[in-house]
Amino acid sequence: MLRTSLFAQVGVALLAGVLVGRLWPDAGTAAQPLGDGFVRLIKAMIAPLVFCVVVAGITKAGDLKSFGRMGLKALIWFEIATTVALVVGLLAGNLAGPGKGMNVDPASLDASAVDEKTGGGELPSTSEFILHSLPDSAVGAFAENSLLQVLVLACLAGAALLHLGHTKVPAILPAIEQAQEVVFAIVGFIMKLAPLAVFGATAHLVGEYGLGALSTYGKLIAVCYGVALVFLVLLGLALKALTGLSLWKFIRYTREEMLLALGTASSETVMPRMMQKLRQAGCRDDAVGLVLPTGYSFNLDGASIYLSIGTLFIAQAVGVDLTLGQQVTVVLVLMLTSKGMAGVPGSAFLALSATASALGVIPAGAVALLLGVDRIMDAMRVATNLLGNCVAVFVVSRWEGALDLPRARKVLSGEIAFVPEQAERAEEAERVEQGEQGAQSALVQPRAQPVPEAGQEKEPDVLYRGTP
């Protein structure tokens, strides 16, 4: 099983990384390039993959209006989900009070450490975020790996193909589908390195940060992970009510990808495989290609939970008691700032700093309190963000009539096994080829002659009926 199962390989690599990081911290810290290199390779494939899937999905669906309607429904779902995550986080922060009793003096905190973490950057405003989503260079969108810009280009290309029709550009769509197969094949090669990446990332985490933060921030960590679990239960109930599918079965179906995302602390590393699995689970290509990548920017449920609880933790730690009106302001500010977080270094601290500035009662330097625990929260954020986006794909697909529900049930129940994209296409091509060979052999095979009964003469062979 260790030789053939990616789940087993990643699990062993995770345990080995923890062991090496704990026993030999310097060696664990030095293993970081293994994880970083894997993430870079996967990220290189995401932009071309999203472009190919979206263009092919729009063209095959043949209806640009339904694609736009699907995008609007996805944004509505994203807003509902992130708002629920923020509210649940605030409720838990008020009930548990993870920062109460710490009595921290803000003057004793090093605010410059936050600037070092964020690189002195800032979150984009709403207008800047919208403008940045529009590409100013077709090549630059791919070079910068900006998913929203690639999505805009893909929508334009799909619309152009629909407008021109297959008769004017008959070679474009097959070329895009073939490029998609090449990208999936490359992803398959890179995934062979996943255990090394998990080992390097885990060893670095444990070696550099140690396990001391678990005792210092134990209550905050427990509250964040507990709230994430409650939110996932709510998400599972919503999925069951709206589609009839089980979130637990989906987690079992994607256990390899979930473990890899947790080990590398990055949900981007599993986006290509998640797209394959969602498509094979009955979601239409255009729904997967639009909803999943968009969710990486607009549907950060795990980050929303962390930001809401983190804001209350900071306020409680420095002795500030937030009123109901101020907590409503927290929700409104985070609803905006959380949308521009994707791809911004130190985005969580930038969002927390923006929230503290909007409230005017929390010292900006108090954000430094979360520096020691931020990395440990990655597993919670990654798992919740990833599952939230996958649930969004199922819900929006069902809402738009783009979900093959019987197939989804069979796949999640294990009746239909997952086959990697390139292997599935190869098997399909082989079946078609065998079918064509069988048909040709049937055409050239001589016709069986009836055996004459006793007393009957054999009918003479004929070239044409009626000609001896």
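Keep in mind that this is a model prediction, so the values were computed, not measured.

A.B. asks: So what exactly am I meant to see when it comes to the environment of His-132 here?
C.D. replies: In this structure, His-132 sits in helix α6 (residues 126-132). Put simply, His-132 and Gln-149 are 17 residues apart on the chain and 7.7 Å apart in space, counted from C-alpha to C-alpha. When residues no more than four places from it in sequence are discounted, the contact partners of His-132 are Glu-144, Ser-146 and Gln-149.

A.B. asks: Sorry, what's going on with the side chain of Thr-59 here?
C.D. replies: Mapping Thr-59 onto the fold places it in helix α3 (residues 32-61). Residue Thr-59 is classed as buried on the basis of its relative accessible area of 7%. At 2.7 Å, the side chain of Thr-59 and the backbone oxygen of Val-55 are in polar contact.

A.B. asks: Please explain the packing of α3 against helix α8 (residues 147-168) as it appears in this structure.
C.D. replies: Geometrically, a packed helix pair is captured by the angle between its two axes and the distance between the axes. At their nearest, the axes of α3 and α8 sit 8 Å apart, and the two run at 30° to each other. Handedness of the α3/α8 crossing: right-handed. For the pair α3 and α8, contact is made by Ile-46, Ala-47, Val-50, Phe-51, Val-54, Val-55, Ile-58 and Thr-59 and by Leu-147, Val-150, Leu-151, Leu-153, Ala-154, Cys-155, Ala-157, Gly-158, Ala-159, Leu-161, Leu-162 and His-166, respectively. Residue composition of the contact of α3 with α8, grouped by class: 17 nonpolar, 3 polar and no charged.

A.B. asks: Looking at this model, I keep getting lost on empty space enclosed by the protein. Mind explaining?
C.D. replies: Empty space left among the atoms is revealed by rolling a probe the size of a water molecule over them. On inspection of all chains with the given rule, the structure shows 1 cavity of 30 Å³ or more. Taken as a whole, the largest cavity encloses approximately 40 Å³ of empty space. Lining the largest cavity are Thr-311, Ile-314, Leu-352, Ala-356, Ile-362 and Val-367. For the lining of the largest cavity, the elements supplying multiple residues, two or more each, are α17 (301-317) and α19 (347-359). Tallied by class, the residues present in the lining of the largest cavity amount to 5 nonpolar, 1 polar and no charged.

A.B. asks: So what exactly am I meant to see when it comes to the nonpolar core here?
C.D. replies: Among soluble globular proteins, nonpolar side chains are generally buried collectively. Counting residues in each nonpolar core, the largest one holds 125 residues, and the members touching the most others are Leu-220, Phe-250, Leu-292, Leu-370 and Phe-394. With 13 residues, the single largest contributor to this core is α3.

A.B. asks: What is the right way to read helix α15 (residues 271-280) from this model?
C.D. replies: Because each turn of an α-helix spans 3.6 residues, side chains separated by three or four positions end up pointing in the same direction. With 10 of 10 residues buried, α15 lies mostly within the body of the structure. Of the residues making up α15, those classed as buried are Met-271, Pro-272, Arg-273, Met-274, Met-275, Gln-276, Lys-277, Leu-278, Arg-279 and Gln-280. At the exit of α15 stands Gly-282, carrying a positive phi of roughly 100°.

A.B. asks: Got a minute to help me understand the pattern of salt bridges in this structure?
C.D. replies: Any two side chains of opposite charge can pair, on the condition that their charged atoms come close. Counting across every chain of the model gives 10 salt bridges. The shortest N-O distance in the salt bridge between Lys-73 and Glu-400 comes to 2.8 Å. On the criterion of sequence distance, the pair formed by Lys-73 in helix α4 (residues 64-96) and Glu-400 in helix α20 (residues 378-400) is long-range, its members being 327 residues apart. The exposure classification of Lys-73 matches that of Glu-400, with both residues buried.

A.B. asks: Help me understand the packing of α15 against helix α16 (residues 285-298) in this model?
C.D. replies: The interhelical angle for the contact between α15 and α16, taken along N-to-C directions, is 145°, at an axis separation of 10 Å. The way α15 lies across α16 gives a crossing that is right-handed. For the pair formed by α15 and α16, the contact residues are Met-271, Met-274, Met-275, Leu-278 and Arg-279 on the first element and Asp-285, Val-288, Gly-289, Leu-292, Pro-293 and Tyr-296 on the second. Residues belonging to the contact of α15 with α16 are distributed by class as follows: 8 nonpolar, 1 polar and 2 charged.

A.B. asks: Sorry if this is basic, but what is going on with the packing of aromatic side chains here?
C.D. replies: The geometry of an aromatic ring pair is captured by two quantities: the separation of the ring centres and the angle between the planes. For the coordinates displayed, the defined rule picks out 4 aromatic pairs. Judged by centre distance (5.6 Å) and plane angle (70°), the ring pair of Phe-51 and Phe-142 falls under edge-to-face. With Phe-51 in helix α3 and Phe-142 in helix α7 (residues 138-143), this pair connects stretches of sequence that are 91 residues apart. Relative accessible area serves as the criterion here: at 29%, Phe-142 is assigned to the partly exposed category. Taken together, a centroid distance of 6.4 Å and an interplanar angle of 80° make the contact between Tyr-253 and Phe-418 edge-to-face. With Tyr-253 in helix α13 (residues 247-253) and Phe-418 in the loop between α21 (405-412) and α22 (421-444), the pair connects residues that are 165 residues apart, well separated along the chain.

Cut-off values and rules
Residues numbered from 1 in each chain as written. Predicted model: local features only at pLDDT ≥ 70, side-chain atom pairs only at ≥ 80, totals over all residues. Heavy atoms only, no water. Helix = DSSP H or I, 4+ residues; strand = E, 2+ residues; numbered from the N terminus. Contact = heavy atoms within 4.5 Å. Buried < 20%, exposed > 50% of the residue type's maximum accessible area, 1.4 Å probe, protein only. Polar contact = N/O pair within 3.5 Å; in protein donor to acceptor, adjacent residues only side chain to side chain. Axes fitted to C-alpha atoms, helices over the stretch in contact; angles between N-to-C directions. Left-handed = near helix turned anticlockwise from the far one by under 90°. Nonpolar A, V, L, I, M, F, W, Y, C, P; charged D, E, K, R; others polar. 1 Å grid on protein atoms, 1.4 Å probe; cavity = no way out; pocket = protein on both sides within 12 Å on 5 of 7 lines; lining within 4 Å. Points joined across faces, edges and corners; volume = space filled by probe spheres on them. Core = buried A, V, L, I, M, F, W, Y, C linked by side-chain atoms within 4.5 Å. Salt bridge = Lys/Arg side-chain N within 4 Å of Asp/Glu carboxyl O. Phe/Tyr/Trp six-rings, centres within 6.5 Å; stacked < 30°, edge-to-face > 60°.

Interpretation in functional terms is not warranted from these geometric data alone.
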